[in-house]
Amino acid sequence: MFPIYDVIVVGAGHAGCEAAHAAAAMGSKVLLCTMNMNTIAQMSCNPAMGGVAKGQIVREIDALGGMSGIISDKSMIQFRMLNRSKGPAMWSPRSQNDRMKFAEEWRLALERTPNVDFWQEMITGLLVKKGQLKGVRTGIGIEIQGKSVVLTNGTFLNGQIHIGEKQFGGGRTGEAAAKGITEQLVELGFESGRMKTGTPPRVDGRSLDYSKMEVQHGDETPEKFSYSDSTSSLKEQRTCWITYTNKEVHTSLEEGFDRSPMFNGRIKGLGPRYCPSIEDKINRFAERERHQIFVEPEGWNTVEMYINGFSTSLPEDVQYKALRKIAGFENAKMFRPGYAIEYDFFPPTQLKLSLETQLMENLYFAGQINGTTGYEEAASQGLVAGINASLKTQEKDPFLLKRSDAYIGVLIDDLINKGTEEPYRMFTSRAEFRLLLRQDNADLRLTQKGYDIGLASDERLQKMSTKKEQTAKLINDLKQKKLSPEHINPGLEQSGSALIKEKISVEKLLKRPQISLQQMKGFNPEISEYLSNYSNEVLEQAEVQIKYDSYIEKEQQMVEKLSSMENFKIPSKFDYISIPALSAEGKQKLNKIRPETMGQAARISGVTPADLSIITVYLGR
């Protein structure tokens, strides 16, 4: 009935979709297994992509040849570039999306991808024969053979949903939990744990009074995620709104605390620190009189609204009573209550940098199974796992991203070396080289890498090369082009910048914080005409490189300084236990994580500089 697949992907969420597409696009024969074909790429929580650091990840996925950026663009209903008032390292694209359209576009994209087959059924276990992975077993006992397996089970592994004092099994509301896989992996020697996440109630947008809320429009000139020409920017956008909780709301919520699964001990798993439930917020920050609530449409045509900031597992009657005390929600009708969900995860220190497990060859983990939270973090892991599963079947070296290559590299490096005891979320502050890892240059950093492994297309590579060449030419021209005082001083005076007394290059002027290329277009018709020959993308790239030239150079020097350690390989079977001079903690951590390079070893918590020196001596021998 089934052929022997190169890659079997279990789970069709954001991680699973990226894994299946990447492996298939690289020539592998792929089977995507899901419990429900109608919920492929379901946006289980908020209908949005990107955000701080997450937007950079979406652009990196796109630059490598993944699909999340394209799907986001095709289903987008609003776009905002966050942190524009800060430096370019902080700029982060974010889209509001049509939930149904997002899932539809992903399914269509997968159906159009040659080499992807689908199977709708619960996967209850792995086929393991003589210690070797041979495929998967389904709920009705079908055995499907595969050379590699990527597990992307999301919140489904023994998922338990909590609404007040009610609790029931489920991976998502209305969908069954997945059973069997955790138990088998634990028997095989894997360590597992429990985590928790939650979602807010959804309400009927027709029952809200928007006049009592603040309007949140999208950007005047919306951009998009994908660097490809297959998508275009929005011509019109849907509006979002902001409102706030108040003391009455908090009092209503507190009345239900005695029935809260979070406070009475029924929920054991740790929840996301940076996206707490509303009851957690008012408990931890009791001094605050209000908390921000974002009212976000679920799509172009639906009246359903996502109440961002009101995630909760309190009883539904408590949720409803409190909701109606928020400004604009006095007559709100609730479509469905919020809930918390507990699920199994596997500490990611059990993985290699390729996301292959250390205990079992050809088995890969991606997404929430690794303790992360967020669509973007999951999608990026799925992409890397899919790429590496495909490369492994082709007997090629794994695809690894360093911390200086991408936020995806930071994410995976953090997970493998530090592990996580709470749902891991990416932030710009986690990346020490964030000025190099900007959202505007993801294609310049990664498209060649994606092309080299057979994922990014010829068109992608050509487009990136053209952008690179045009940016270099523009920067060179701006260095050569001189402006005289009479041509530029009126514009400088208008912008509040110091006047010049002699000719100066455009490049030097651009280094001034108050001056931008867009402003210069208004200073002088000749400059305006010249700059109009370049796309906004090239203008932005040139401007960032010129303004931050010295800072970028310093970060690049730091990367080069550290690269020697990253290139210093440690044999996979290196015996740490037999080295008496290593610290006890160092032995334990090194033996568990099995770092692949000295650079990775140096980032493991508990490994001392003395430990590194000792390893270097032994490797030298």
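The preceding data block contains the structure.
Since this is a predicted model, take the numbers as computed values, not measurements. (Residues numbered from 1 in each chain as written. Predicted model: local features only at pLDDT ≥ 70, side-chain atom pairs only at ≥ 80, totals over all residues. Heavy atoms only, no water.)

Some remarks on unusual backbone geometry
Alright, step 1. The residue Ala41 is not glycine, and still its phi comes out positive at about 60°.
Alright, step 2. Here Ala41 is to be found in the loop between strand S2 (30-34) and strand S3 (48-50).
Alright, step 3. You can call Ala41 buried: its relative accessible area is 0%.
Alright, step 4. Residues other than glycine seldom take positive phi values, yet Arg594 does so here, at roughly 50°.
Alright, step 5. Here Arg594 is to be found in the loop between helix H19 (584-593) and helix H20 (598-602). (Helix = DSSP H or I, 4+ residues; strand = E, 2+ residues; numbered from the N terminus. Buried < 20%, exposed > 50% of the residue type's maximum accessible area, 1.4 Å probe, protein only.)

As for the side chain of Ser390
Alright, step 1. With respect to the helices, strands and loops of the structure, Ser390 is situated in helix H9 (residues 375-393).
Alright, step 2. A relative accessible area of 0% places Ser390 in the buried class.
Alright, step 3. Every residue in contact with Ser390, bar those within four places of it in the chain, is listed here: Val7, Ala23, Met26 and Ser28. (Contact = heavy atoms within 4.5 Å.)

Quick word on the packing of helix H12 (residues 458-480) against helix H17 (residues 536-547)
Alright, step 1. Interhelical geometry of H12 versus H17 gives an angle of 55° and a closest axis separation of 9 Å. Considering their axes alone, H12 and H17 lie oblique with respect to each other. The way H12 lies across H17 gives a crossing that is right-handed. Between H12 and H17, the contacting residues are Lys463, Lys467, Gln470, Thr471, Leu474, Ile475 and Leu478 on the first element and Glu537, Val538, Leu539, Gln541, Ala542, Gln545 and Ile546 on the second.
Alright, step 2. Residues belonging to the contact of H12 with H17 are distributed by class as follows: 7 nonpolar, 4 polar and 3 charged. (Axes fitted to C-alpha atoms, helices over the stretch in contact; angles between N-to-C directions. Parallel < 35°, antiparallel > 145°, perpendicular 65-115°, else oblique. Left-handed = near helix turned anticlockwise from the far one by under 90°. Nonpolar A, V, L, I, M, F, W, Y, C, P; charged D, E, K, R; others polar.)

A look at the pattern of salt bridges
Alright, step 1. All chains considered together, the criterion is met by 43 salt bridges.
Alright, step 2. Ionic pairing is found between Lys166 and Glu316, a salt bridge with its closest N-O pair at 2.8 Å. With Lys166 in strand S11 (residues 166-169) and Glu316 in helix H8 (residues 316-323), this pair connects stretches of sequence that are 150 residues apart.
Alright, step 3. Using a relative accessible area of 45% as the deciding quantity, one classes Lys166 as partly exposed.
Alright, step 4. Here Glu526 makes a salt bridge to Lys481, at a shortest N to O gap of 3.1 Å. (Salt bridge = Lys/Arg side-chain N within 4 Å of Asp/Glu carboxyl O.)

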